[in-house]
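The primary structure of each chain is shown beneath.
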Amino acid sequence: MISTSLIEKFLQHCQQTPDKRCVVFESQTYSYADIRTMAAAWAGELRARGLQRGERVALFLDNGPKFISAYLGAQWAGGTVVLINTAYRQTELRHILRDAAPRFVVTDPQRNHEIKNLEFKIENLEFPLAVPFDFPSTIFSQFCDEVAIIAYTSGTTGKAKGAMLTHRSLAANVASVTEAWGWTSDDHLLLVLPLFHLHGLGVGFHGTIWAGASCELHPHFEVKTVYNRLLSGEPTMFFGVPTMYGRLLNEAAKRDQKPPNLRLYVSGSAALSADTMLAFERVFGQRILERYGMTETVMNTTNPLYGERRPGTVGQPFPRQEARVVHVHTRQPLPADEDGEIEVRGAHVFAGYLNQPEASAECFTPDGWFKTGDLGRVSADGYFTITGRAKELIISGGFNIYPREVEEVLAMHPSIAEVAVVGRPDPDFGESVTAVVVSHDATLNVDDLITYCKNNLASYKKPRHIIFANSLPRNALGKVQKHLL
Ligand code: MLC
Ligand code: AMP
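Reading the values: rules and limits
- Residues numbered from 1 in each chain as written.
- Chains lettered and ligands numbered in written order.
- Predicted model: local features only at pLDDT ≥ 70, side-chain atom pairs only at ≥ 80, totals over all residues.
- Heavy atoms only, no water.
- Axes fitted to C-alpha atoms, helices over the stretch in contact; angles between N-to-C directions.
- Helix = DSSP H or I, 4+ residues; strand = E, 2+ residues; numbered from the N terminus.
- Parallel < 35°, antiparallel > 145°, perpendicular 65-115°, else oblique.
- Left-handed = near helix turned anticlockwise from the far one by under 90°.
- Contact = heavy atoms within 4.5 Å.
- Nonpolar A, V, L, I, M, F, W, Y, C, P; charged D, E, K, R; others polar.
- Near = heavy atom within 4 Å.
- Polar contact = N/O pair within 3.5 Å; in protein donor to acceptor, adjacent residues only side chain to side chain.
- Areas by Shrake-Rupley, 256 points an atom, 1.4 Å probe, with all protein chains shown as cover.
- Expected span 1.5 Å × (residues − 1).
- Buried < 20%, exposed > 50% of the residue type's maximum accessible area, 1.4 Å probe, protein only.
- Core = buried A, V, L, I, M, F, W, Y, C linked by side-chain atoms within 4.5 Å.
- Domains from an automatic or database assignment.
- Buried area = accessible area lost by both parts, 1.4 Å probe.
- Salt bridge = Lys/Arg side-chain N within 4 Å of Asp/Glu carboxyl O.
- Pairing = 2+ DSSP bridges.
- 1 Å grid on protein atoms, 1.4 Å probe; cavity = no way out; pocket = protein on both sides within 12 Å on 5 of 7 lines; lining within 4 Å.
- Points joined across faces, edges and corners; volume = space filled by probe spheres on them.

Relative orientation and spacing of two packed helices are given, respectively, by the angle between their axes and the distance between those axes. Contact geometry for helix α2 (residues 32-48) and helix α3 (residues 65-76): axes closest at 7 Å, N-to-C directions at 55°. Taken together, the axis directions place α2 and α3 in an arrangement best described as oblique. Crossing geometry of α2 relative to α3 is assigned as right-handed. Contacts between α2 and α3 involve Ile-35, Arg-36, Met-38, Ala-39, Ala-40, Trp-42, Ala-43 and Leu-46 from the first element and Pro-65, Lys-66, Ile-68, Ser-69, Ala-70, Leu-72, Gly-73, Ala-74 and Trp-76 from the second. Its residues assigned to classes, the contact of α2 with α3 comprises 13 nonpolar, two polar and two charged.

Below is the structure:
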């Protein structure tokens with residue numbers, strides 16, 4: 001069992017290789033010692049302002065050194081970090097801040113107004129002061145079973161739930177990931193995923209720190225910049241969602257030069273089509289490694305570093321982790337090649353949802369398997385394939401959108417009588433949000449409805465298509481039959 005934490009590992013690297021490059025951001029290089037100094041400033045500042053062990057610090061920040069140092073500093077000071085997607089608007093923010101009740105919110109001046117408009121008494125931190133701070137790193141062994149991160153992910157209720165990940169589960173997972181992918185201190189990751197989700201943070205950044213490696217952090221994915229950085233030959237790894245790989249392929253079609261081989265390309269957060277995977281291999285000369293994860297568990301299964309990367313599959317469980325397929329009703333394990341629900345078990349699995357004892361109990365079996373809500377099957381030689389979802393969810397460009405959440409906002413619109421939100425295939429985003437609306441207002445305008453959604457929810461959740469209907473198909477119980485839509 002892993003009895004160390006990410007912070008402890010980070011501090012070990014700071015001691016052993018203080019001058020080694022840790023993060024590059026906007027042409028500026030930060031060594032392990034630099035990041036340690038910045039994280040210590042945050043830890044000192046938070047403690048000086050009264051942060052107690054186990055209290056929460058929310059980060060409402062985009063990618064950058066401030067995110068990284070506040071993240072490490074808050075955990076170093078014994079706090080729990082609450083991750084917030086920076087696209088979130090009032091509805092989402094109000095819910096998260098009410099539910100997580102953070103003691104502090106770390107944000108940028110331009111985002112301050114979003115928080116200030118909410119009726120919360122929060123001490124807002126914008127800049128760390130250099131308050132001296134040092135903690136013996138050994139103290140973190142005692143922290144292992146405390147919550148390191150609360151990451152919001154929705155359920156069918158339409159309200160996001162805070163998944164609590166302990167230091168131990170994060171460490172166990174990143175140890176498995178770095179081992180499976182042969183991640184070493186020589187690796188340099190091109191990291192363009194948002195750090196407020198577990199793909200960018202729990203895989204990209206944690207892996208970097210765990211391995212004592214380095215990453216080149218970008219504010220966001222911009223295809224031309226990423227292509228140029230790949231051409232440079234400097235990064236050894238790139239992690240992306242399928243939308244990014246589709247865009248890189250389009251970019252390659254416009255360029256004369258192809259990037260040299262990387263040690264590893266990884267895709268996840270949404271299904272990578274076998275077509276995209278094979279087209280990428282034809283053009284870039286190497287096969288992407290596809291893996292499968294979730295906020296509640298970070299990484300579950302992976303195609304192999306060496307050996308067959310099978311298109312359309314998400315590979316096998318990471319070292320020291322388990323996965324199986326069970327019947328959706330009887331919950332009994334199924335033989336190979338039969339479709340059911342995927343369950344996972346291991347030290348990587350989260351500790352439950354904040355303030356949700358019932359939902360937390362429901363998602364586990366008595367013997368500790370976590371019910372992922374993903375449908376799939378496993379081949380006789382152990383490769384998992386995801387075939388669908390038991391949970392209602394749209395994954396657009398790697399961001400999760402819960403139809404119910406968008407429906408609730410649209411239903412509040414005075415001109416809308418009924419609404420149902422569904423996903424539909426999209427060549428760029430994989431799936432896109434479509435709203436079927438029943439309205440008796442002939443003047444209702446599509447653009448106004450989209451603006452209305454953007455004012456209330458993160459912009460990526462807005463419908464990309466709105467269809468007007470006279471009524472919604474319902475079954476005898478009055479439930480909307482979405483499959484007919
Ligand atoms: C941005 N927009 C999206 C969108 N991303 N719309 C639908 N789906 C998306 N994914 C909208 C914005 O709201 C905005 O709308 C407009 O597009 C331009 O914004 P942008 O930021 O410039 O967009 P773009 O460059 O197109 O972003 C695409 C993307 C981004 C793929 C780079 O979505 C992204 O970084 N996705 C990664 C998500 C991720 O990290 N997921 C991991 C979850 S963890 P407007 O109208 O305001 O202009 C997880 C576990 C696991 O799932 O297994 O990893
Ligand atoms: P999130 O709630 O953002 O953590 O999203 C997790 C969900 O993303 C999983 O439950 C899956 O449905 C989906 N997912 C992640 N990786 C993959 C993948 N490689 N293929 C298909 N779906 C995936």
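Not every one of the 23 residues close to ligand 1 is listed here, only the nearest: Ser-269, Arg-291, Ser-396, Ser-459 and Lys-462. Residue Gly-293 places a main-chain N or O atom 3.2 Å away from an oxygen atom belonging to ligand 1. Between ligand 1 and Gly-397 there is a distance of 3.0 Å, counted from a nitrogen atom to a backbone nitrogen or oxygen. Considered on its own, ligand 1 offers 1000 Å² of accessible surface; in the complex 75% of this is hidden by protein.

A separate point is helix α9 (residues 242-254). Each full turn of the α-helix corresponds to 3.6 residues, which orients residues three or four apart in the same direction. Between its terminal C-alpha atoms α9 stretches 19 Å, which fits the 18 Å expected from 13 residues at 1.5 Å a residue. Considered for burial, the residues of α9 that qualify are Pro-242, Thr-243, Met-244, Tyr-245, Leu-248, Leu-249, Glu-251 and Ala-252. Those residues of α9 that are buried lie in contact with α8 (223-232), β11 (237-240), β12 (264-267) and α10 (274-284).

Here the focus is the nonpolar core. For soluble globular proteins, the rule of thumb is that nonpolar side chains tend to be buried together. Counting 107 residues, the largest nonpolar core has Tyr-71, Leu-72, Trp-181, Phe-205, Phe-238 and Leu-248 as its most contacted members. In this view, Leu-72 contacts Leu-6, Ile-7, Phe-10, Ile-35, Ala-39 and Phe-205; residues no more than four positions away in its chain are not counted. In this structure, Ala-100, Val-105, Tyr-452 and Tyr-460 belong to the second largest nonpolar core, which totals 37 residues.

Structurally, the chain comprises domain 1 (1-390) and domain 2 (393-468). Averaged C-alpha coordinates put domain 1 and domain 2 at centres separated by 28 Å. Taken together, the contact between domain 1 and domain 2 spans 22 residues of the former and 21 residues of the latter. For the domain 1 and domain 2 pair, buried surface summed over both sides reaches about 1600 Å², with 46% attributable to carbon and sulfur atoms. Summed over the shared surface of domain 1 and domain 2, the result is three salt bridges. For the pair domain 1 and domain 2, the number of links is nine residue pairs in polar contact (both at pLDDT 80 or more).

What follows is about the sheet that holds strand β18 (residues 370-378). Read from one edge of the open sheet, four strands run β16-β17-β18-β19, paired in antiparallel fashion. Edge positions in the open sheet fall to β16 (322-326) and β19 (384-389), since each of these has one partner strand only. Averaged over all adjacent pairs, the angle separating strand axes in this sheet is 50°, with direction ignored.

Enumeration over the complete set of coordinates arrives at one cavity of 30 Å³ or more. Here the largest cavity is characterised by a volume of approximately 40 Å³. Lining of the largest cavity is provided by Leu-83, Asn-85, Tyr-88, Ala-151, Tyr-152, Phe-196 and His-197. Class assignment for the residues of the lining of the largest cavity results in five nonpolar, two polar and no charged.

Here we come to the sheet that holds strand β23 (residues 430-439). Pairing within the open sheet is mixed, and its three strands lie in the order β22-β23-β24. The open sheet is flanked by β22 (416-426) and β24 (465-468), the only strands paired with a single partner. When the angles between neighbouring strand axes are averaged without regard to direction, this sheet yields 25°. One ladder, built from ten bridges, connects β22 with β23; its direction is antiparallel.

Moving on: the environment of Ala-274. In this fold, Ala-274 is placed in helix α10. The partly exposed category is assigned to Ala-274, whose relative accessible area is 29%. When the C-alpha positions of Ala-274 and Arg-310 are compared, they lie 8.8 Å apart, and in sequence the two are 36 residues distant. Every residue in contact with Ala-274, bar those within four places of it in the chain, is listed here: Pro-311 and Gly-312.

Here the focus is the side chain of Glu-343. Of note, Glu-343 is situated in strand β17 (residues 340-345). Residue classification places Glu-343 among the buried residues on the basis of a relative accessible area of 0%. A polar contact is formed between the side chain of Glu-343 and the side chain of Arg-324, at a distance of 2.8 Å. In this structure the side chain of Glu-343 is engaged in a polar contact, spanning 3.0 Å, whose partner is the side chain of Arg-331. The residues contacting Glu-343, other than those within four sequence positions of it, are Glu-322, Ala-323, Arg-324, Val-326, Arg-331, Thr-365, Trp-369, Phe-370, Lys-371 and Thr-372.

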